[in-house]
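Analysis of the macromolecular model
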Amino acid sequence: MRLGAETLEQEHNLSSRAFELELSVDPDFTLTFSNRKGESVTFSSNGEEYCLDRSDMTHTFAETYGTKRYALRKYKENHRIRLFMDSSSLEIFCDYGETVFTSRIFIEDLEYLKSDGASGTLYNLGSITLEAQNG
């Protein structure tokens, strides 16, 4: 499904809404996915806990469950994070897969990824299409 690899830049223009990120992160890091209006979703760590902040999305939903989600970090050292995004969902795997964030996200015209304390590779992803088999 990977269509090509790009080295993540600190301010990265997104050419697709469907992508995978493989990242090495510092204890303190921030990833912000945004559009030209400043509407955004941020995933970060202060070295002790992770935070997924959905409070600045174009369309917020399920606010009774909170727009910020937290999880304590199990590993404090630098390590790898794997993130998958498509049109309206976000999956983040941290702590060697022991900590997982799953969320729906709604940002119109998502165009940018700004990172601080993170480096890695962005893979644009193709879609899966299923064709009916004649039997």
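Figured I'd write up the structure that's included with this text. (Residues numbered from 1 in each chain as written. Predicted model: local features only at pLDDT ≥ 70, side-chain atom pairs only at ≥ 80, totals over all residues. Heavy atoms only, no water.)

Turning our attention to the overall build of the protein. Scanning the protein for helices and strands turns up 0 helices and 10 strands. Its helices and strands in sequence order give the protein the pattern β-β-β-β-β-β-β-β-β-β, from N to C terminus. When the 135 residues of the protein are sorted by exposure, 41% land in the buried category. Nonlocal contacts in the protein, meaning residues at least 24 apart in sequence, comprise 62% of its contacts between residues at least 6 apart. As presented, the protein carries roughly 7700 Å² of accessible surface, and 46% of it is formed by carbon and sulfur atoms. (Helix = DSSP H or I, 4+ residues; strand = E, 2+ residues; numbered from the N terminus. Buried < 20%, exposed > 50% of the residue type's maximum accessible area, 1.4 Å probe, protein only. Contact = heavy atoms within 4.5 Å. Areas by Shrake-Rupley, 256 points an atom, 1.4 Å probe, with all protein chains shown as cover.)

Moving on to the pairing of strand β9 (residues 99-104). With burial as the criterion, only one face of β9 is covered, namely that bearing T99, F101 and S103; the residues V100, T102 and R104 on the opposite face remain uncovered. Across 6 bridges, strand β8 (residues 89-94) lies against β9 in antiparallel orientation. Within β9, the position partnered with F93 by the bridge is V100. What sits between β8 and β9 in their antiparallel hairpin is a turn of 4 residues, with D95 showing a positive phi close to 50 degrees. (Pairing = 2+ DSSP bridges.)

It is worth spelling out the packing of aromatic side chains at this point. Under the counting rule described, the total for this entry stands at 8 aromatic pairs. With centroids separated by 6.2 Å and ring planes inclined at 85 degrees, the aromatic side chains of F84 and F93 adopt a geometry described as edge-to-face. Exposure remark for F93: the relative accessible area of 31% places this residue in the partly exposed category. (Phe/Tyr/Trp six-rings, centres within 6.5 Å; stacked < 30°, edge-to-face > 60°.)

A word on the nonpolar core. L21, L31, F33, F43, L83 and I92 are the most contacted members of the largest nonpolar core, which totals 27 residues. Elements that contribute at least two residues to this core include exactly β3 (19-34), β4 (40-46), β5 (49-56), β7 (79-85), β8 and β10 (112-125). Non-local contacts of F33, meaning those with residues more than four positions away in its chain, are made with F19, L21, E39, S40, V41, L83, M85, I107, L110, Y112 and L113. (Core = buried A, V, L, I, M, F, W, Y, C linked by side-chain atoms within 4.5 Å.)

Where charged atoms from two side chains of opposite charge approach closely, those side chains can pair. In the structure shown here, the tally under the stated rule is 6 salt bridges. Notably, a salt bridge pairs R82 with E20, separated by 2.8 Å at the nearest N-O pair. Taken together, the positions of R82 in strand β7 and E20 in strand β3 put the pair 62 residues apart, joining distant regions of the chain. Overall, the relative accessible area of 36% leaves R82 in the partly exposed class. A salt bridge links R36 to E111; the nearest nitrogen and oxygen atoms lie 3.0 Å apart. Taken together, the residues R36 in the loop between β3 and β4 and E111 in the loop between β9 and β10 connect sequence positions 75 residues apart. Residue classification places R36 among the exposed positions, given a relative accessible area of 66%. One continuous salt-bridge network, built from bridges that share partners, spans E20, E22 and R82. (Salt bridge = Lys/Arg side-chain N within 4 Å of Asp/Glu carboxyl O.)

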